[in-house]
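# Report on the structure
If you want the building blocks of each chain, they are given just below.
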Amino acid sequence: MATTTTEAVTTAGRRRRGGTAPRLQSGRAGAGRKQRVDPPFLLFLVPTLVLFTLAITLPAVMGIVLSFTDSVGFGEFRFTGLTNYVALFSDPAILQAYLFTIGFSLVTVLVVNAIAFLLAIALTSRVRGKIALRAVFVLPMVISGIVIAYVFSFLFANSLPALATTLGFAPLEQSILANPDLAWVAVVVVTAWQAIPSTLLIYIAGVLSIPGEVYEAAALDGASAWRQLVSITAPLTAGYILINLVIGFKNFLNSYDIIVGLTDGGPGTSTTSVAMSIFKGFSGGDYAYQMANATVFFVIAVVIAVIQLRATRGKAAL
């Protein structure tokens, strides 16, 4: 009797295993079919890959290869190994360009984010005409950087000195664009003026995402406006702040048009950025040398991009 019962249980188990196996295989096969990409999608991807390869990847690879040569941009060339890179790291002009670019980027990103964050709080509070004010503050974002630079160049060279002379403020009676110690301030001001709107929009989205009930509960507990800013607004928008800091710093490293329009890298080389030194070298016969400079700059940009991806991964802000 016991043997019969054991055989029955074994047979039933075999039937259950036999019955479920085909369904599992069918499920796996179905899952495989769902993950398969249809050929038409791959076909539409080909033009984009070809254009990206021809316009981005191929020139980048060629530039990296030429950075190990003595090429002047055309004609014959010969490989010189790491000669350009060794000379690059011992060139005072290049080191000055990197110091200015990094320092300018750090100062500008702090100024832009501080002003944009405070403006976002003001433009999301209960003030009259806040919708119209948002539109006004966003206007600089749609104006070309070179146009902004030329307008501010006139203001710094004429209007500001005239006003300083009228008020008797001697330090600004001369254009700060001609002062090697103050020209960078003008670059920071103009760059920040153009960059604040895009940063402001992100901060407005972050502040508006905070539930109003949180502020109401804090107000009932007697929290002041400053306390609410420090304990509620800042922590709950930390993801937005981090994203703006990283993206802003990376963008300011590539600043070119505003610097060209304001100072053209002067006085002397006091406001020459890395991007400017690269472009000037291309037209000055230092093609391979500046290709090495561009390669180093590219590596720095990639490192910052990796930091950005790691910093923003998993953030609930966006």
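Nothing here was measured: the structure is a model prediction, and the numbers come from that model.

### Re the overall build of the protein
Counting its secondary structure elements, the protein contains 13 helices and zero strands. Burial statistics for the protein: of 318 residues in total, 33% are counted as buried. Contacts spanning at least 24 positions in sequence make up 70% of the contacts within the protein whose residues lie at least 6 apart. Per element, the accessible surface of the protein, about 19,600 Å² overall, is 69% carbon and sulfur.

### Observations concerning the environment of L118
Residue position: L118 is located in helix α4 (residues 92–123). As a C-alpha pair, L118 and I204 span 86 residues in sequence and 10.0 Å in three-dimensional space.

### A few points about the confidence of the model for the protein
Chain-level pLDDT for the protein is 82 on average; 86% of the residues reach the 70-or-more range. Across residues 1–32, where pLDDT falls below 50, the model places zero contacts with residues more than four positions away in sequence or in other chains.

### Some thoughts on the side chain of T69
For T69, the location among the structural elements is in the loop between α2 (39–66) and α3 (83–88). A polar atom in the side chain of T69 sits 3.3 Å from the backbone nitrogen of S71. Once residues within four sequence positions are removed from consideration, T69 is found in contact with F77, R78, F79, T80, N84 and A288.

### Focus: a nonpolar patch on the surface
A cluster of nonpolar residues, L139, M141, V142, I143, V147, V151, F154, L155, W193 and L201, forms a patch on the protein surface that exposes about 890 Å² of accessible area. Sorting the residues of the nonpolar patch by element identifies α6 (145–167) and α7 (183–208) as the ones contributing at least two each. Ranked by the residues each element gives to the nonpolar patch, the list is headed by α6, at four residues.

### Things to note about the packing of aromatic side chains
Geometry of an aromatic ring pair is reported as the spacing of the ring centres plus the angle between the planes. All chains considered together, the criterion is met by 11 aromatic pairs. With a centroid separation of 5.2 Å and an interplanar angle of 40°, the aromatic rings of F282 and Y287 are classed as tilted. Of the aromatic side chains, those joined through ring pairs into one cluster are Y256, F279, F282 and Y287.

### Examining the pattern of salt bridges
Under the definition given, this model contains one salt bridge. Of the charged contacts, one joins R78 and D70 as a salt bridge, the two residues approaching to 3.3 Å between their closest N and O atoms. Taking the relative accessible area as the measure of exposure, R78 reaches 55% and is therefore exposed.

### Some remarks on the environment of Q194
Position of Q194 among the secondary structure elements: in helix α7. When the C-alpha atoms of Q194 and V138 are compared, they prove to be 9.0 Å apart, with 56 residues separating the residues in sequence. Contacts of Q194, omitting those with residues within four sequence positions, involve P140, M141, I143, S144, G145, I148 and I258.

### Observations regarding the packing of α4 against α7
At a minimum axis separation of 6 Å, α4 and α7 run at an interaxial angle of 45°. Considering their axes alone, α4 and α7 lie oblique with respect to each other. By crossing handedness, the relation of α4 to α7 is classed as right-handed. Tallied by class, the residues present in the contact of α4 with α7 amount to 21 nonpolar, four polar and no charged.

Rules used in this analysis
Residues numbered from 1 in each chain as written. Predicted model: local features only at pLDDT ≥ 70, side-chain atom pairs only at ≥ 80, totals over all residues. Heavy atoms only, no water. Helix = DSSP H or I, 4+ residues; strand = E, 2+ residues; numbered from the N terminus. Buried < 20%, exposed > 50% of the residue type's maximum accessible area, 1.4 Å probe, protein only. Contact = heavy atoms within 4.5 Å. Areas by Shrake-Rupley, 256 points an atom, 1.4 Å probe, with all protein chains shown as cover. pLDDT = per-residue confidence, 0-100. Polar contact = N/O pair within 3.5 Å; in protein donor to acceptor, adjacent residues only side chain to side chain. Patch = residues over 30% accessible without salt bridge, like charges linked within 9 Å, V, L, I, M, F, W, Y side chains within 5 Å. Salt bridge = Lys/Arg side-chain N within 4 Å of Asp/Glu carboxyl O. Phe/Tyr/Trp six-rings, centres within 6.5 Å; stacked < 30°, edge-to-face > 60°. Axes fitted to C-alpha atoms, helices over the stretch in contact; angles between N-to-C directions. Parallel < 35°, antiparallel > 145°, perpendicular 65-115°, else oblique. Left-handed = near helix turned anticlockwise from the far one by under 90°. Nonpolar A, V, L, I, M, F, W, Y, C, P; charged D, E, K, R; others polar.

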